[in-house]
Amino acid sequence: MNVLSTQTSLSEQVIAAIQTVIGSDPVVLHEPSFNGNEWLYLKECLDSTFVSSVGKFVDRLEADLAAFTGAKYAVAVVNGTAALHIALKLAGVNFGDEVLIPALTFVATANAVTYCGASPHFVDSEERTLGIDAEKLRDYLKSSTEQHAGECVNRTTGRIIRAVVPMHTFGHPADVEGLLAVATDYNLALVEDAAESLGSYYHGQHTGTFGLMGTLSFNGNKTITTGEGGMVVTCNHSLYEKAWKYKSQGVVRGRDYWHDSIGFNYRMNNICAAIGLAQLERIEEFLEKKRLIEAWYREELAESQVVFQEEGPGVHSSFWMVSILLPHSSAVEALRRALADAEIETRPLFSPIHLMPMLDDKGPFPVAQNISARGLNLPSWPGLTRRDIASVCDTIKRFFESGKKGFSGR
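Residues numbered from 1 in each chain as written. Predicted model: local features only at pLDDT ≥ 70, side-chain atom pairs only at ≥ 80, totals over all residues. Heavy atoms only, no water.

Visitor: Outline the sheet that holds strand β8 (residues 201-202), listing residues and values.
Guide: Strand order in this open sheet of three strands is β9-β8-β13, and the pairing throughout is antiparallel. At either end of the open sheet lies a strand with only one pairing partner, and these are β9 (205-206) and β13 (315-316). As judged from the two bridges shared by β8 and β13, these two strands associate in the antiparallel manner. Looking at β13, one finds that Y202 is bridged to V315. (Pairing = 2+ DSSP bridges. Helix = DSSP H or I, 4+ residues; strand = E, 2+ residues; numbered from the N terminus.)

Visitor: Which residues make up helix α4 (residues 56-69), and what values do they have?
Guide: Its 14 residues place the ends of α4 20 Å apart at the C-alpha level, agreeing with the 20 Å of an ideal helix rising 1.5 Å per residue. All buried positions along α4 are accounted for by F57, V58, L61, E62, L65, A66, F68 and T69. Along the axis of α4, the buried residues cluster in a sector spanning 160 degrees; they form a single face. Looking one or two places after α4, you find G70, whose phi comes out positive at around 85 degrees. (Expected span 1.5 Å × (residues − 1). Buried < 20%, exposed > 50% of the residue type's maximum accessible area, 1.4 Å probe, protein only. Arc of directions from axis to C-beta.)

Visitor: Give me the packing of helix α12 (residues 332-341) against helix α14 (residues 386-401): which residues, what numbers.
Guide: Taken N-terminus to C-terminus, the directions of α12 and α14 make an angle of 130 degrees; their axes are 10 Å apart at the nearest point. Classified by the angle their axes make, α12 and α14 are oblique. Of the two possible hands of crossing, α12 and α14 adopt the one that is right-handed. Contacts from A334, L335, A338 and L339 of α12 reach α14 at V392, T395, I396 and F399. (Axes fitted to C-alpha atoms, helices over the stretch in contact; angles between N-to-C directions. Parallel < 35°, antiparallel > 145°, perpendicular 65-115°, else oblique. Left-handed = near helix turned anticlockwise from the far one by under 90°. Contact = heavy atoms within 4.5 Å.)

Visitor: How would you explain the environment of E285 if you had to name every residue and give the values?
Guide: Looking at where E285 falls in the secondary structure, it is placed in helix α11 (residues 283-300). One polar contact links E285 to R282, side chain to side chain, over a distance of 2.8 Å. (Polar contact = N/O pair within 3.5 Å; in protein donor to acceptor, adjacent residues only side chain to side chain.)

Visitor: Tell me about the sheet that holds strand β14 (residues 323-325), and name the residues and values.
Guide: The strand order across the open sheet formed by four strands is β12-β14-β16-β15, and the pairing between neighbours is antiparallel. Both outer strands of the open sheet, β12 (307-308) and β15 (347-348), are each paired with one neighbouring strand and no more. Examined bridge by bridge, β12 and β14 share two bridges and lie antiparallel to one another. Looking at the pairing, F308 lines up with I324 of β14. Each of β15 and β16 (375-377) touches α12; the most contacted strand, β16, lies at about 25 degrees to it.

Visitor: Now, about the pairing of strand β6 (residues 160-164): what can you tell me, with residues and values included?
Guide: Taken residue by residue, a regular strand's side chains alternate between the two faces of the sheet. Of all the five residues making up β6, five are buried; the element is thus mostly covered by neighbouring parts of the structure. Where strand β2 (residues 98-102) meets β6, three bridges bridge the pair, whose relative direction is parallel. Paired with L100 across the bridge in β6 is V164. Note: strand β5 (residues 151-154) against β6, two bridges, orientation antiparallel. Its bridge partner being in β6, V153 is matched across the sheet by I160. Taking the residues between adjacent antiparallel strands as the criterion, β5 and β6 are bridged by five residues, where G158 takes a positive phi near 75 degrees. Bridge analysis of β6 against strand β7 (residues 189-193) gives two bridges, and the strand direction is parallel. Bridging from a neighbouring strand, V164 pairs with L190 of β7.

Visitor: Describe the nonpolar core, naming the residues involved and giving the relevant values.
Guide: Core analysis: the largest hydrophobic core is formed by 47 residues, its most contacted members being I86, L88, V99 and I101. In terms of residue count, the dominant contributor to this core is helix α5 (residues 80-90) (seven residues). Those residues in contact with I86 that sit more than four places away from it in its chain are V77, V232, A243, Y246, K247 and Y266. (Core = buried A, V, L, I, M, F, W, Y, C linked by side-chain atoms within 4.5 Å.)

This is the structure we're talking about:
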């Protein structure tokens, strides 16, 4: 009998063998890169004493971000949730309305709806894009709503369904064409939650620029970061002016201390914008490396049982976060433990938010729940090396070979 087998588990033997070959440096899920002009711009910002919400870096970040996305206008705010709150308010979402959002998304999407006094109304996902299933949405609206004076009314609740908010999950563009058609046919405002899809395109057009407005996030784990921050983008000048006013306590532009509407203190400060501007200068480098990392994963795991998201015709993903689907949900936690033992950090996919206790619409939404149960996010930041990816993939492949229950079907 192998003495080693009696003292250690098979998983531990696998990890030990891998570490013998490739070493044991930790591989973290994400780490921002500050190798550009961040320190220079921060010093300039501090030297200028403009460290609050007024300063040239805020203006420059808005202008450069608008140019990058192809939007005509951009408004910098404190975070992506605030951006979505403003966008929904400007889309006409009122107290008592309903807003269609994916069941598979980060909870901020639902929270922004509730900030407006409206109710999240969930939609199932499609496995191909991880986003809202446009065909299911159309079928639902056809059977469950009616039009009154140009408004979409839920027959069951009697409430107006005011808007639909697709979220481009992990950088994968949703079915924008299908969702735009549904929104048009049912008189819904379309607001894009593009928090995760900076650098993603649908038929050559940047995500977040298709509907009335789009929203972006610059949290510390996003493709570029301001530390904490977000952006509203739009091609509508009137909406831009209103968004600027909303983020600035409802102040009238050009008139000191005069406010003609209720607003919010959602302004990004100049320090955060300075960091973000330096990050934006390197975005093409970041995006190129992220796509290379996804290609490395795909190559290394080509013969495995994991499923990657495919870019459909005309779709270009930023691959903000490399996500895989496993054949069986029972394998996810076991694989995460094996990767953690090898000092490799991962995270599960979003928990379906319709199941959370503070929200009423419980579904069922089987595809969203299935994706959530089977999914895993792998380390995806631009500083990763081919050796890092090999370390992750070797651990995954050894895990397959170990025949873990629920993974190979045994």
